[in-house]
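Chain by chain, the residues:
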Amino acid sequence: VEQTGINKVCITGGYGLNVVTNSHLVKNLSNVKFYFEPLADDSGNSLGAAMFVYRNKTKDKKKFPLGTTAFQGHKVNHNIEGKKCRPIDIARLLDNQKIVAVISGQAEGGPRALGNRSILFDPRNPNGKEIVNKVKQREWYRPFACIVLEEDANIYFDMGRIKSSPFMTICFPVKEEYVKIIPGVTHVDNTCRIQTVSDGYLYELLQEFKKLSGHGILLNTSFNLSGDPLVETPMDAINTLKESSLDYLWFEKTGQLLV
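**Q** Even after reading the chapter, I still don't get the overall build of the chain, so can you show me in this structure?
**A** What the chain contains, in helices and strands, is 7 helices and 13 strands. A compact globule built from 259 residues should have a C-alpha radius of gyration of about 18 Å, and the chain, at 19 Å, falls within 12% of that. Taken along the three principal axes of its C-alpha coordinates, the chain extends 55 × 45 × 30 Å. For the chain, the residues scored as buried account for 49% of the 259 residues in total. Long-range contacts, defined here as pairs at least 24 residues apart, represent 69% of the contacts in the chain between residues at least 6 apart. Of the roughly 13,700 Å² that the chain leaves accessible, carbon and sulfur atoms contribute 52%. One finds the centroid of the 32 positive side-chain charges in the chain at a distance of 5 Å from the centroid of its 28 negative side-chain charges.

As structure tokens, then:
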């Protein structure tokens with residue numbers, strides 16, 4: 001930044017997965033506008049290389065709207081039969097301390113669960129980390145991220161100059177008065193990796209959960225068991241439900257709920 005004068009920086013590759021470093025950069029380089037690629041692994045680097053070659057070969061100077069690389073996986077196509085449920089029904093289950101896995105639309109492309117292949121739980125539960133880590137069969141010390149209504153994010157977290165964080169690429173300090181209110185998503189250093197939500201079914205679900213609990217925030221972790229890749233297909237989801245202690249599996253697009 002000092003040498004080039006450039007103040008718009010894209011960070012990708014495995015480096016971009018380091019949410020602690022990303023937070024440090026945002027906090028300490030206030031004059032720089034960062035974009036942290038949600039597909040933050042070597043495939044993200046490949047996308048950047050392809051864009052670079054295209055610009056050099058075509059000399060194209062046009063600017064194109066920036067989409068997202070976050071969803072690159074399998075698209076749901078199924079005829080699963082179950083109990084028909086709406087977001088308000090799922091919110092009630094979560095408020096009653098049930099663990100709900102969700103499969104919706106196209107699977108995430110990177111290692112972040114952004115609501116299309118997610119496991120959801122109530123972040124207010126003081127034993128939330130232990131409960132969900134036991135379900136996922138992973139180490140006790142692994143932290144959990146959250147989804148939160150975009151307009152409410154600054155209530156729970158010290159967001160600084162950041163207004164939204166839709167891809168879970170930055171962690172933020174949990175405000176002191178909420179550390180004990182959302183212990184399920186508060187890490188040992190009192191931070192949380194967050195996904196702000198402003199539309200879609202997750203937004204409706206968070207609104208319904210807020211009506212019940214007073215808080216538009218949920219624990220969100222990837223829909224898979226330890227050592228397994230992220231769930232892709234409906235059959236992957238059903239097999240994971242059978243092999244784990246998950247309470248429910250919800251196919252969001254059709255509303256079908258499996259136990």
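**Q** Mind showing me how you'd approach helix 1 (residues 19-28) here?
**A** Working note: α-helix, 3.6 residues per turn, so residues spaced by three or four point in the same direction. Considered for burial, the residues of helix 1 that qualify are Val 19, Asn 22, Ser 23, Leu 25 and Val 26. Buried residues of helix 1, seen end-on, are gathered within an arc of 160 degrees and therefore sit on one face of the element. Opposite the buried face of helix 1, at more than 90 degrees from it, the exposed residues are Val 20 and Lys 27. Close packing links the buried residues of helix 1 with strand 1 (8-11), strand 2 (33-36), strand 9 (171-173) and strand 10 (191-197).

**Q** Looking at this structure, how should I read the pattern of salt bridges?
**A** Any two side chains of opposite charge can pair, on the condition that their charged atoms come close. Tallying each qualifying case throughout the model produces 8 salt bridges. As a salt-bridge pair, Glu 139 and Arg 142 come within 3.0 Å of each other at their nearest N and O atoms. For Arg 142, a relative accessible area of 35% translates into the label partly exposed.

**Q** Looking at this structure, how should I read the side chain of Arg 112?
**A** Its location among the elements puts Arg 112 in the loop between strand 6 (106-108) and strand 7 (117-121). One polar contact links the side chain of Arg 112 to the main-chain carbonyl oxygen of Leu 17, over a distance of 3.0 Å. Here Met 168 takes part through its backbone oxygen, which lies 3.4 Å from a polar atom of the side chain of Arg 112. Each residue touching Arg 112, except ones within four places of it in the same chain, is listed here: Leu 17, Val 19, Phe 167, Met 168 and Arg 193.

Calculation notes
Residues numbered from 1 in each chain as written. Predicted model: local features only at pLDDT ≥ 70, side-chain atom pairs only at ≥ 80, totals over all residues. Heavy atoms only, no water. Helix = DSSP H or I, 4+ residues; strand = E, 2+ residues; numbered from the N terminus. Rg over C-alpha atoms; globule rule 2.2 N^0.38 Å. Buried < 20%, exposed > 50% of the residue type's maximum accessible area, 1.4 Å probe, protein only. Contact = heavy atoms within 4.5 Å. Areas by Shrake-Rupley, 256 points an atom, 1.4 Å probe, with all protein chains shown as cover. Lys, Arg positive; Asp, Glu negative; His and termini not counted. Charge placed at Lys NZ, Arg CZ, Asp CG, Glu CD. Arc of directions from axis to C-beta. Salt bridge = Lys/Arg side-chain N within 4 Å of Asp/Glu carboxyl O. Polar contact = N/O pair within 3.5 Å; in protein donor to acceptor, adjacent residues only side chain to side chain.

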